[in-house]
Every structure is written in C-alpha cells, then in structure tokens.
Number of protein chains: 2
Amino acid sequence: MNDEAHKATPEIGLDQVDLMNRYWRATNYVSVGQIYLLDNPLLREPLKAEHVKPRLLGHWGTTPGLNFIYVHLNRVIRERSLDVLFICGPGHGGPAMVANTWLEGTYSEIYPAIGQGEDGLRKLFRQFSFPGGVPSHVAPETPGSIHEGGELGYALVHAFGAAFDNPDLVVACVVGDGEAETGPLAAAWHSNKFLNPASDGAVLPILHLNGYKIANPTILARMDDVELRSLFAGYGYELFFVEGHEPIPMHRMMARKLDTVLDRIRAIQQHARAPGWQGERPLWPMIVLRSPKGWTGPKEVDGKKVEDFWRSHQVPVSNARGNEAHRKILEDWMRSYEPEKLFDNNGRLLPELAALAPTGLKRMGATPYANGGLLKRDLVLPDWKGLALDVPRPGSAKAEATRVLGGYLRDVMRLNAEARNFRLMGPDETSSNRLDDVFEVTNRVWMQRIEPYDVQLSRDGRVMEVLSEHLCQGWLEGYLLTGRHGLFSCYEAFIHIVDSMVNQHAKWLKTSRECDWRKPVASLNYLLTSHVWRQDHNGFSHQDPGFADFVANKKADTVRLYFPPDANTLLWIADHCLRTYNRINVITAGKQPAPQWLSAEEAETHCRAGAGIWEWAGTGKGEDPDVVMACAGDVPTLETLAATDILRSALPDLKVRVVNVVDLMTLQSNSEHPHGLADEDFDALFTKTKPVIFAYHGYPYLIHRLTYRRANHDNMHVHGFREEGTTTTPFDMAVLNELDRYHLALAAVERVPGLAERAKNLAAELHGKLAEHTAYVREHGEDMPEIQKWNWPQNSATKAGD
Amino acid sequence: MNDEAHKATPEIGLDQVDLMNRYWRATNYVSVGQIYLLDNPLLREPLKAEHVKPRLLGHWGTTPGLNFIYVHLNRVIRERSLDVLFICGPGHGGPAMVANTWLEGTYSEIYPAIGQGEDGLRKLFRQFSFPGGVPSHVAPETPGSIHEGGELGYALVHAFGAAFDNPDLVVACVVGDGEAETGPLAAAWHSNKFLNPASDGAVLPILHLNGYKIANPTILARMDDVELRSLFAGYGYELFFVEGHEPIPMHRMMARKLDTVLDRIRAIQQHARAPGWQGERPLWPMIVLRSPKGWTGPKEVDGKKVEDFWRSHQVPVSNARGNEAHRKILEDWMRSYEPEKLFDNNGRLLPELAALAPTGLKRMGATPYANGGLLKRDLVLPDWKGLALDVPRPGSAKAEATRVLGGYLRDVMRLNAEARNFRLMGPDETSSNRLDDVFEVTNRVWMQRIEPYDVQLSRDGRVMEVLSEHLCQGWLEGYLLTGRHGLFSCYEAFIHIVDSMVNQHAKWLKTSRECDWRKPVASLNYLLTSHVWRQDHNGFSHQDPGFADFVANKKADTVRLYFPPDANTLLWIADHCLRTYNRINVITAGKQPAPQWLSAEEAETHCRAGAGIWEWAGTGKGEDPDVVMACAGDVPTLETLAATDILRSALPDLKVRVVNVVDLMTLQSNSEHPHGLADEDFDALFTKTKPVIFAYHGYPYLIHRLTYRRANHDNMHVHGFREEGTTTTPFDMAVLNELDRYHLALAAVERVPGLAERAKNLAAELHGKLAEHTAYVREHGEDMPEIQKWNWPQNSATKAGD
C-alpha cells in the first residue's frame, strides 16, 4: 500500500506548522484548565490551592489527541471550504470539544454568558463538571455534536447515518481504540458497503490508537501493523498512519496525510459523480493516529508512568488542591503551554491564532449538520385515507396490517424521493414484515457485487437492510440528528438488542430539549412486528414484548407506545408519528392476515382519543356495564372480541363494555404523561368499581404500573405474556399464556360478582373448549377450524341494540 | 498463505467418502422429513396430502451445510478421539441438530419415546415445530447444545467461553454469514487475544458462507476472497477454504482441510504446552465453507431460483399439502436422498453408516460439555465472616463496599485456582470498581504483547477485561453453561447493552429447567456498581438503574435482585449467589467510601430475611409507627437514615420505623415469587395503613409494580431515579431526583396525617436546607461539610430507647 500515491496538495510551511502547534497548545491549555481550575485562568499569579477545584472530574487522556485532530481539521476546512461534521467517539473527552468551540468563538455565541477573554475563560473553566455547569462529556449542550460518546460503540455508525444523502458533507469520525473493541463499532466498519459515493457524503474514520483504556492496553493498539493493516484492508479501507509524539513532526505528518486523504475522497467522489461510473465500491481512506495517551501531560506522577499510559485516562494529578507537589506538577504542566504566548492581555486568543479557525457556519461548532433541526424539512405525506381499507362493518374485511402500511410507506418514499430525506431501516426483514410495496419505488441499497438474479438491490436504494439491529439503529439516529426522517422496522423480540442505544438517544433528546438553540429533530419511529403472538417459524427465543416496559421508563415527554388493533388504525398512527418530532414512537402491529375492525373515519376518531369504548361490540350504548373487557394490541383485541361474543351469546343479560386502548400512555395519569387521561375520563371508560378484564399485548405488569393510581386499579385483571412460549399454533400461544378468548371469558365469569354460580355451565363449556383445543392442535398441528374462521358476528349492529 | 503447509494426515479413501456422503444424505433426509412430514416417514408409499403437515415451519437453507459439517466432525472425532462441542450459530437450523443426534442415537437415549426405527422416525418428524413437540430452533431440548442461535451474534463468544480452562476440548463453532454481520460476532473474533493455547481448549470457527440471509445477500459472501482473507488475517486467523457444490469433491476437500486444521491445532497446543513456550499468540486456523444455501434442495420452485438463493431460507416448497405439483417437488427431493439405501426395513440407519458416528460420550449430542451441570464442581468458598468489617455500632466504620468484596473474590480465586473454574469478567473496570485485591492472586489475561511497564497482565490471568459488555457476557455464559462459575462486574448503566443476551440466557434457563436431563449450571451473577448515584467523572449517559426493571420481567424462579446497603451485606449476598444455580442474580452496590451499618451477624440475619425493620434506627421496638421510612440500595439507605435522624431530632414524639429491603423480590407476593413475603409478613413490616416513604435505588415504578397487590399499596410514596442527572456532586444527584434526606423528611411530614401543620417549622427549615445546598454546591463545587460528614448519631442506642 502506498500512502503517498495520489498526493496532490503541496506541503504546509513551517511557519504554519508553528502557528498550528501554538493553537494546539491553546486547546490543550483550555482543556486542562477546565478539569482543574476555579480561578486564575491565565496563571497570571502562582497557582494556589484555592484556584484548584475541590473535586477533579474529567478525562485528560484522550483530550490532546482530539485537540490535535480538531486543529488539523480546521486547516483543511479553511483551505478547501469543506463542510465537516466532527463525531467525537471518545465523548468523555468533553474538554476538547468545549475548548475548541470556545476558541473558535461558537461557544460564546451560543452561550453569551461564557464570553471571550479572561472572565469568559474563568467561567468556562469553572462550569466544567461543576454543579449547575456543563457535564464532563460531549453532550447535547456541546456545540457541534450529535454524539455523546458516553456509552461507547456508536461513533462510526452515527457518522455513516449523518453522511447518507448529504453528498457535500465530510464526517470526520474519531474512533477511540477502546471503543473499537465494542461489537457495534466492529460491525460499523462494514457501513462502507451501504454508502454511495455519488449521492452520499464521505466518512473519514480517524482511528485514534492512544494505546490504553481505563486500566488496560487496547486490542488494536497492541496488534502489529501488519495485522492492523490487514484487518482494515479487509474491512475495505486504505490506511494512512500518523505516528509519533514529537509535536512538530507530528503536525507535518498529520497535515500531509490529511491532505492526501481528502484528495483521495475528492477523487472518489468526482469519479462516482461523473458520467460512466459503474457503481463500484471505492476503497475509502482512513487515518490511524498513533499518539501517546495524555500527550504533553505529566510524564510521571508519584514515580509512576502517566503520559503514554493508562494512568493519564482521567485526572493525571489527583490532589492538586491539597498537595503542593501535585499542584506544582499541574502548574508546570499548564505553563508548559506558554499561555502568555497564546492569549493577549485580555485573555483573548492572539489574532494570528484565531485566524486559523474557519469562520461562520464552516466552524465545526457551528455547522448546521450538528443541529439537524435547522436543516429538517417536513416530509410530504400522502393522504392516508386514500390507502385505507374499506371496512363497512367490523370484521367485514381481512388484511395484513403491515402490508397496508407498506403501501403508505411506498407513497412516502415516492413523495420524498427528490428531497432524499426518508429511509427505511431493518435487519433483513422488510419483506418478511410485509412492507414489500416500498420496492415498487425503491430498492435495498447495496454497494457490493449484484448478481443478475438478485432482486430489489441497487446502488441507490433507500431501504437499508443489514443483519445488525445496532447498525440499523445507529444509522437512523445519525440520519435523524442531521435533519432527516425514517422508520426502523424490527422483529419485536430483537429490538432489545438496541435497548441501550435507545436509552442514550432518549437521554440525548431529553437534554436537547433543554437547549433552546437546538431545534427539534424528527422522531425515532419503530414498527415492531413479527411479534410475540405470531412467531410461526420461530419460537421462544423470538417471543419478548418487553421493549414497551423498557421505553416506558424514559421521560414522559419523549416516549409514545402505540398498539393499533388493525390496518386503518396502524395507518393513522404511522402518519401521525411521521409528523412528530423529538419523540420515540413505538408502534407494535402484526403482519398476519386478520379481521379488520374500523373504517378510516372510525380509526381516526379512535386514535385521536387514544382509547375508547367500542359501542358496537358491547351490549348497550352508555349503560353501566357489569364487566369491562379491555384490550391493547391486535391479537388481544381479536381475543377480547371473541370472548365478548361468547359472553354475549351465552349470557344475554350480562352487560359488557369493550374498551380498546391504542395509545398506551392514555392509561397513565395526565399528571404523569401528556397523553394521560384525566381521572374522570379514565373512569368514564373503565368505571370506578366494575371488574376490568384487560387483555394486553405484553407483560401484564406494565398495565398495573401505568394504572396504579386509578380509582379502579384493584379491579384490573390483566392477561398478557407470561413467558410461556415455543413454536406452536397462533391460538395455542394465546392459550399457553391465558390470553385466549376462553380464558378471558372465564375471567369475566369469575370476576363479575355473583356470576360464577349463574354461569356454571358456560364455565364448564369453556374449560371443555380449552381441553378440546389442546387435543386438537396436538393431533392436527393447526388450530381448530372454528378458531381459524371466527369473526365478529356480522349481525352485531342488531345485537348491540342500538 | 499456504493451506497445505503442515499437512500430516493422509487423505481419506473414496469408499469412506461414499459412506460419508450417504450418511450426509441421511441427515438431509431426516431434516426435510421433520419440516414436512406427518407420516409415511420412509416414503414406503407415494406421498399424499395427508402425509404433509398443515403448517410448514422451519428453516431449510442452512440445514444441509450444518449436516455436512456435523458428519465431517464425526469422522475426526472418531479418528482422533476428540472431545468436540458443536456450537450451531445458525440455531434456526434445528432440523440438522435433531437429525444428527437422532442418527447417532443420543436423541433416543434422552427421549426414549422417540426411538430408533420407523416409528421413532415418524414421531421425530411429527413432533418438530408441532404443538406439544419440539421447537424449530436448536434449543435446550436439543441434545448437544449450549446455544440457541435464535437471536444471532453470540455463537463465537459462547464458543470461546466454553473453551476457556477446558484444555482438552475442541469447540467447533459454525458462524453463519448472516450472524457475522452482527456487532457482537464482529467483536468476538478478537477473543483469540484472550485464549491461552496451553491451558485453554481450541475454538475452530467454521464460517459458513451460504450467501444469503432472509431476503438479501450477505456482506461477507459478496466480498472478494482477497478482502475476506485480509479481514480474517487481520483478526488473527489462518483461513482454509472449502468451496463448491458437487458433494463428492466437497467431501474430499472438507476432510482434507479439516485434517489440516486439526493437525495445526494439535501442533499449536503441543508447542504451547512444551517447556520453553514464550507465550506468543498462535495463528489459529479457521475454515470458510462456501456451499449453496439450501444445498441439494429444489433448484427452482414456480419458476423461481431457490437452491443457492435466499428463497431456500425457510420452507422451499410452501404448499406441499395443498398443491400436487409442490408435493411432487417435495417427494422427488426427498427420494433424491434414496432413503432405501440409507435405512433398513425397520427404518434403522444401515450399520455401515451408523458406524460412522462416534460412540458414547464422544458423540456431540452426548458430550457432557453440552450439559455443563454434569461437570460442575461447587466452588470452594472462603468464610466470608473472616473478611467482614468490624461494625460494633451502626455508622462506626466507613468503607468502600466493593473493595471489601474484592478481598472475598481474591480468596475465591485463590481457593479455586487449582480447579480453574472461576473467572471474573468486566469491561476494563475491575480496578475502577475497587475489586483490585483479586490482583494479589491473579492477573488480567492478555495474549498480546506485554510491555515491561504493564501491570497485572499475564498469559494466565483469570480476570477477563475487554471493552465490550457483549464479550464479557457471552464468555461468561459459555463458561457457565459448560459447568464453571463466574461473576460479571459492570457499570450499572451499561449493563443494558446486554439486555437481549440476558433475555436469551433467562429463556435458556427457564426451558432447561423443564428438561430433567439437563443438570443445573451455576448462576449468572452480576455486580452492578459505579451506579447512578455516584457517577463522578461521568454524567447523565452513565446514569440508568433500569436493568432491575428489565430483569424483573423474567420468570420468577430465575431472577433475584439484591441491593445490599453496606459491605457486610454485600459479602453475605455475594457468597450466597456463588452457591446458587440456574439463577440470574443481580447485585447492585456502590464503590465509594460510605458508613457501614451492620455487623457480620446482623448482616446475615438481615439478608436471610431479605427485608427487615432496623430497630436501632427507629423510635421504638415493636411499636406502631406513624410513618415507615423504607429503603433499598446503599445511597437510599444512607439518605433514609439521615432523614430519620432529622425527623427524630426535630419531632421527638413522631414514631418512625425504618425498614431496609435487601432482596427486592421480598416485596412481591409469595404467590408470584418464591422469595416474596406472605401478606402478613409484609404488613408486619410496612403496616396496612401508615404512610411509607420508600427511597429506592432505581425507577420508582418498579416498587409500585412489585407491591401493587399489597394492602398498604396506596400509601407507598416512592422516591427514586427520575431521569434527572448530570455531572455533579453526589448529594446534588440525590437532590435533583428528590431522593435526598431533606425531600424524604419533607415527604414524611406531608404524608403523616396532621403532621404538616405541627411540623411547619421543620418543613421551612428543610426547604431552606435545600436552597442552601444548591447555592453551596454551585459556589464550591462540592457538598456541604455537614452532608459529607453526616453519620448515624453514635448515641443512637439511647435514642432508640431500647
């Protein structure tokens, strides 16, 4: 491999190197100051104990390397007029991002209280990791960031997500060698198989081998260069090494390699954007920066190796307030940057240094790509009603809900094709989840070989499929945070794979909302299908409805949980979710053929309310019921209606009310969630005193948790998933978990006071049905015909008595 | 790279190839039969509709490749007398494992109802993916497996976990090219940096490139061989390709390569186990098997490509019952294996074929390594009381709880060093989590370069650190499932990274328990520390106590949640957990210096009960309280005691009871969880009518969820984590979430009937304290001295009045 083959740009001069080195010293100085100093920010006087913070919190180790990269990116942005988004994988190196954005001026523009000059510098230092100040990590509060880097693994996948459909953007992504050990990061290198050099931007990975994690060497740093080159060549990258520790040679090398790499990127893009491109996947360049951990910091403390070792990870000199010798080390260290040669008398960066930063929106702290809400354009959405199913009476149509949604998503794709701001992500399941209609207008994106017999693969597809939920999630996060839209369709059970990523995204959204300069981004939308009740080819390992529980722990203003009972409700909800922002919307819906209940108009009314009485299914409009049969989820709704049918047929004088919940957050009190029903509205649905047999899609506890403050809570009898599962028939799954019509009807019989005695025959019959079912499926391997064929009685209008 | 360099074993003869090919046909025949047939298992008569199952569920695509590998492993096991554990990454290829273990005889030994011969074969076919039968995936029910392969990503990491400390074992691990796209799998290749060829067994990865996932090509299969070789050379493996589709040449090639590879493994081990080994990491061999998806199945169905394409993924001929043409394809397909040349008249495998399988415990279906409970030896545990802190009075000692535990773990390491059956896993946090004492007796294992200045790294370390929670979790699962013990110490917030793995392990345990032939394995033990309340260097991204909520959804007989309030309780609980089996034990404990409350004896009594009244902290023994101050977790306990101190000082006539909960599952009803308290015992602690101010470590909802059936539930006022966090002081974190002593005391004042008026002055004082706190930390950056110094009053015995 010849690093230099395509070199085109002349080397930078020594005087410029000297200026850049001084700028770098300024970034390092401002970084150390944040970790340590309460006062005396320019060291105008000898450092005293009271100038040092009582609690020293932060991470020095990665910071000088991040500063080094940032300073060099500044140069190429200026010289090439680039738009660069900086993804700081080692997000705990917060001091670096804060230092650089302050030095380039964006920090003070966004936070005028932290001005330029000595007083601003004092405040900048003081606020870092300080109560009421800013966190130690790169965070939503940090200008120029879309990435926290607290939970490691997602830098590169975020970078690719940001680059898709942003052809003029270069995403410079620093990957720490600690983070590189994680699974999501190890998989993310393959994202180059999905990035189109013609229509997407470029990702420039900068693998920062500083050698150590918290207390260990790193795997990649201790591999020899042959193995390392081989690994990344295998991933499809051309490596450019920048190695050393002497600042001046390192600056020269970094500048040279960065120019080479950017020339390479330009050449790749020009080639791909010129006529005649054959669609081949390019060999993208990447940089390996091998620099000492804690570079330029204390070499030793208390006789122990610190620089270029893991002891520099956090605070290299731990007792600078209490211990004079430590304080001396700190002072010498800070003075080694020669602040007097960096700042003027007022504490402002000297003009010849300030001139090294880009200006305006080219500054990495100011790029709108890092504040995606600024760039976001609303989607053009089709009229969902035009796609709705005709359902003149409940049960009069049968359909696969997700297939109907597929038609809607196809139209969303079509209407926004030119804007190129909508993508569909999924782990190889778009077809399996019956969303095939989208392939009428687009394909799966694929930058590898395409065979003549392949179907629905192309270089410009807008459906992204890879067998990694981590990549789907991370790409989508990066895409949304840079101002675009999308939907992640996933098998319900396996969305837990990204629990922790969802967690971090929810945290990002929560904090972003507190930063008024951050504009809202499109919501993170999930379609969970192939759900617990219909696993078919798979079994117990594919059965877990617990993601709802997980999400429900997040801040109420962030999360929404939707359980549309049929296709038209699914359409309305999907349409609604695509209009929202700063939310995490979780839609759970089945993909199997099922009876349909609501017309488009009824679906709209029902979904807007979030929960409501289905008068047509109950025994009498407005009357006080003996029992409330409640449901949330498509299979629970089906079983509840079938149970209601049984009850009404067998016990004509029993007053039954059916309540369907489509927006689960309506169950919570309106003091806890903005979608929560007021107590009186809740009571109007569920009564204050009557038994409620609640068939819920997931774990029953969630319903109890959401309703524990409601008057009628003690009367809630929730049937849901009890962790009983295997490969079996659909109805048998319901029976195993007692969510089936027979168990629900039995529950009603047991819970309505005085009914058990009166309905003895019915109860016996239902127990008989259960036994009959079990015997039948074990004999025949499919559900009884009466189960397969059941539908809501088509004379129900009469039966409902209205 | 020269595949053949070390070839030592002579090639197998053509007659043996022919036999192996017939055996392979038998495995394929038995696999197809499982997916399709209800009856007519030997095709003695023409295939009729009623012979075909009504619901066709399963995965054919991967199955012939798995069968191919299994048959070849059988040969080398016999010839070399190997112990081989087969990890079936594509676990959805359940038919393959069932077919092979049936043909080798283990299936019928374990399940006598499924005998050998025609009737057994009929039952074997019928039960597959059939109600009351066996699931479609490799599962706990499947002999020879420790791995489900439903949620993809963990095959290789399980394989390494199984190989550690099993020097005589070869783990043959099939990795599908779909699974290879996942993050955890991509990271797991680096496990070779932690495997010691002298004292560990060998992992032989077999990367099965069958080209396709559900509806897409795979990334690795569409890379060219140069990139592919480069990638795996970079990971540290030597590749051996077996490619083609003609059975006979493929058998010859596979046999030859397998011999080469096993010779290589033997040579590596001999070298490493001989005197003079320098500890270098070997270049481990691996096989790349490139064979058609759905190999030997129908080439086309309905005019569409099926074999060697993704359409063969599940059921290649979908309507074999209803459509005669489809049924003909199925029959031709099954007859192409020539069952009459494979089975005798009774439906038994012909003797010359049966002789190809290993015998006894060498059979992969019978190896005890796949039923780890058979091999498990109890740990030798130290006397924890000997390590307990001296705590003569509550608050009379201060300690870091996890550091005390470190001493205990050191002794566990020492006492079991010879047995080599205990490991400690963690993502680079053993020291950060204050467990350093273990390094007195062992090191971190590290097979890369070791520098002179490195500390606590060695080739034979028993602490495993890698910055991947997925690897830690997966290694430990593999280690436990093969009969050993361990503990995973993790930052609390980031354990969510492995939510889905824990989920799958819990499912495995649940189903294993239903298989009486599977013997119990050691529990999966977590120490969650660096928890939400003490993040120090980090902030909001590191603050999430929700793992408890996630785990609590699992089956009650599997999960335990422990919140030891101090060091001695932590010791007792850790000691207890290491004695349990088939459990998931989650221990949450802090690492910061904190006052200690209980002596060893008191800790034991308290932990055995799981929850109890701390008489010494309350106002009177046995008296009926005005308010119950309850707590679970170390910081909540500290704040509750401080709040109690405030209340008792300010309101001497208020009757306060302090209840500490160490085993969270005691809160649940004993009908729901075996550790749950009976209602009367619960009421004896929490009363039936008095306000309970409950300070809980995590999200408050969990307490409501666990206690919603209790009489006093409406009086539970839970303070916990409300998603308010950042980098700040420890006490400020509590204040932000209203878990601090002032808020708790205020809650008591508000909730005790009639107290608000009487305690107006106290309330004003507490509000003042809160304001004073906020002002102080924003000024000084640390907590007020009175907060930092607070301890339980040492004259408390007098105050408690007993």
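Fair warning: this is a prediction, and the values are worked out from it, not measured in the lab.

Q: In this structure, what is going on with the overall build of chain A? I would like to understand it.
A: On a plain count of helices and strands, chain A comes out with 27 helices and 22 strands. Relative to its length of 802 residues, chain A is compact, with a C-alpha radius of gyration of 30 Å against a globular reference of 28 Å. Reported as C-alpha extents along the three principal axes, the dimensions of chain A are approximately 95 × 65 × 45 Å. Per-residue burial over chain A gives 66% buried out of 802 residues.

Q: So what exactly am I meant to see when it comes to the interface of chain A and chain B here?
A: How big an interface is tends to be expressed through the accessible area that disappears when the partners come together. The interface of chain A with chain B comprises 101 residues on the first partner and 100 residues on the second. Counting only elements with at least two residues in the side of chain A that touches chain B, the list comes to helix H7 (183-188), helix H8 (225-235), helix H15 (499-513), helix H16 (547-552), helix H21 (700-707) and helix H25 (760-780) of chain A. Of the residues forming the side of chain A that touches chain B, the biggest block, eight residues, is contributed by H8 of chain A. Here the residues of the side of chain A that touches chain B sort into 31 nonpolar, 41 polar and 29 charged.

Q: When you look at the domain arrangement of chain A in this model, what are you seeing that I'm missing?
A: Structurally, chain A comprises domain 1 (14-370), domain 2 (384-594) and domain 3 (610-800). In this structure, domain 1 of chain A and domain 3 of chain A have C-alpha centres spaced 57 Å apart.

Q: For this particular structure, what's the right way to read the relation of the copies chain A and chain B?
A: Screw-axis analysis of chain A against chain B gives a translation of 0.0 Å along the axis, an RMSD of 0.0 Å, and a rotation angle of 180 degrees. Look at the turn and shift together and you get a two-fold axis relating the two. Ranked by how close their C-alpha atoms come to the rotation axis, the residues of chain A are headed by Gly183 of chain A, at 1.9 Å. Most of the interface of chain A is mirrored in chain B, where 99% of its interface residues are also at the interface.

Q: Can you help me understand the sheet that holds strand E1 (residues 83-88) of chain A in this one?
A: Two pairing modes exist for strands in a sheet, parallel and antiparallel, and in both the strands are linked by backbone hydrogen bonds. Residues and elements named next belong to chain A. As summarised here, the arrangement of the five strands in space is E1-E2-E3-E5-E4, forming an open sheet in which the pairing is parallel. Each edge of the sheet is formed by a strand with only one pairing partner; in this case those strands are E1 and strand E4 (237-243). Mean inter-strand twist for the sheet, computed between neighbouring axes without regard to direction, equals 20 degrees. With six bridges joining them, E1 and strand E2 (residues 169-176) adopt parallel strand pairing. Each bridged residue has a counterpart across the sheet, and for Ile87 the counterpart in E2 is Cys173. Relative to E2, helix H6 (residues 155-163) is tilted by about 175 degrees, and along the sheet it contacts E1, E2 and strand E3 (202-209). Those strands touched by helix H9 (residues 247-273) are E2, E3, E4 and strand E5 (284-290), and its axis lies near 165 degrees from that of E4.

Q: Sorry, what's going on with the environment of Pro392 of chain B here?
A: Residues and elements named next belong to chain B. Checked against the element boundaries, Pro392 lands in the loop between helix H12 (384-387) and strand E8 (397-400). The exposure class of Pro392 is exposed, given the 7 C-beta atoms found within 10 Å. Taking the C-alpha atoms as reference points, Pro392 and Glu750, separated by 358 residues in sequence, lie 35 Å from one another.

Q: Explanation requested: the packing of helix H13 (residues 401-415) of chain A against helix H17 (residues 567-577) of chain A in the structure shown.
A: The relative placement of two packed helices is expressed as an angle between their axes plus a distance between the axes. Residues and elements named next belong to chain A. In the contact formed by H13 and H17, the axes pass within 8 Å of each other and the chain directions differ by 40 degrees. Accordingly, the angle class assigned to the pair H13 and H17 is oblique. Handedness of the H13/H17 crossing: right-handed. Facing H13, whose interface residues are Ala401, Val404, Leu405 and Tyr408, H17 presents Ala567, Leu570, Leu571 and Ala574.

Q: Just to check I follow, could you spell out the sheet that holds strand E4 (residues 237-243) of chain B for this structure?
A: Residue and element names in this part refer to chain B. Reading across the sheet, the five strands line up as E1-E2-E3-E5-E4 and stay open at both edges, with parallel pairing between neighbours. Every interior strand has two partners, whereas the edge strands, strand E1 (83-88) and E4, have only one. The mean inter-strand angle of the sheet, taken between neighbouring strand axes irrespective of direction, is 20 degrees. Bridge count between strand E2 (residues 169-176) and strand E3 (residues 202-209): seven bridges; the pairing is parallel. Across the sheet, the residue bridging to Val171 is Val203, located in E3. The strands that helix H8 (residues 225-235) touches are E4 and strand E5 (284-290); relative to E4, the one it contacts most, it runs at about 145 degrees.

Q: How should I be thinking about helix H3 (residues 94-103) of chain B in this particular structure?
A: Because each turn of an α-helix spans 3.6 residues, side chains separated by three or four positions in sequence point in the same direction. Residues and elements named next belong to chain B. Within H3, 10 of the 10 residues are buried, which leaves it mostly tucked inside the rest of the structure. For H3, the complete set of buried residues consists of Gly94, Pro95, Ala96, Met97, Val98, Ala99, Asn100, Thr101, Trp102 and Leu103. Those residues of H3 that are buried are in contact with helix H1 (14-36), helix H2 (63-80), E1, helix H4 (106-110) and helix H5 (118-127). Just beyond H3, the residue with positive phi is Gly105, at close to 100 degrees.

So, how was this worked out
- Residues numbered from 1 in each chain as written.
- Chains lettered and ligands numbered in written order.
- Predicted model: local features only at pLDDT ≥ 70, side-chain atom pairs only at ≥ 80, totals over all residues.
- Helix = DSSP H or I, 4+ residues; strand = E, 2+ residues; numbered from the N terminus.
- Rg over C-alpha atoms; globule rule 2.2 N^0.38 Å.
- Buried ≥ 20, exposed ≤ 12 C-beta atoms within 10 Å, placed from the backbone.
- Contact = placed C-beta atoms within 7 Å.
- Nonpolar A, V, L, I, M, F, W, Y, C, P; charged D, E, K, R; others polar.
- Domains from an automatic or database assignment.
- Least-squares fit on C-alpha atoms with pLDDT ≥ 70 in both.
- Pairing = 2+ DSSP bridges.
- Axes fitted to C-alpha atoms, helices over the stretch in contact; angles between N-to-C directions.
- Parallel < 35°, antiparallel > 145°, perpendicular 65-115°, else oblique.
- Left-handed = near helix turned anticlockwise from the far one by under 90°.

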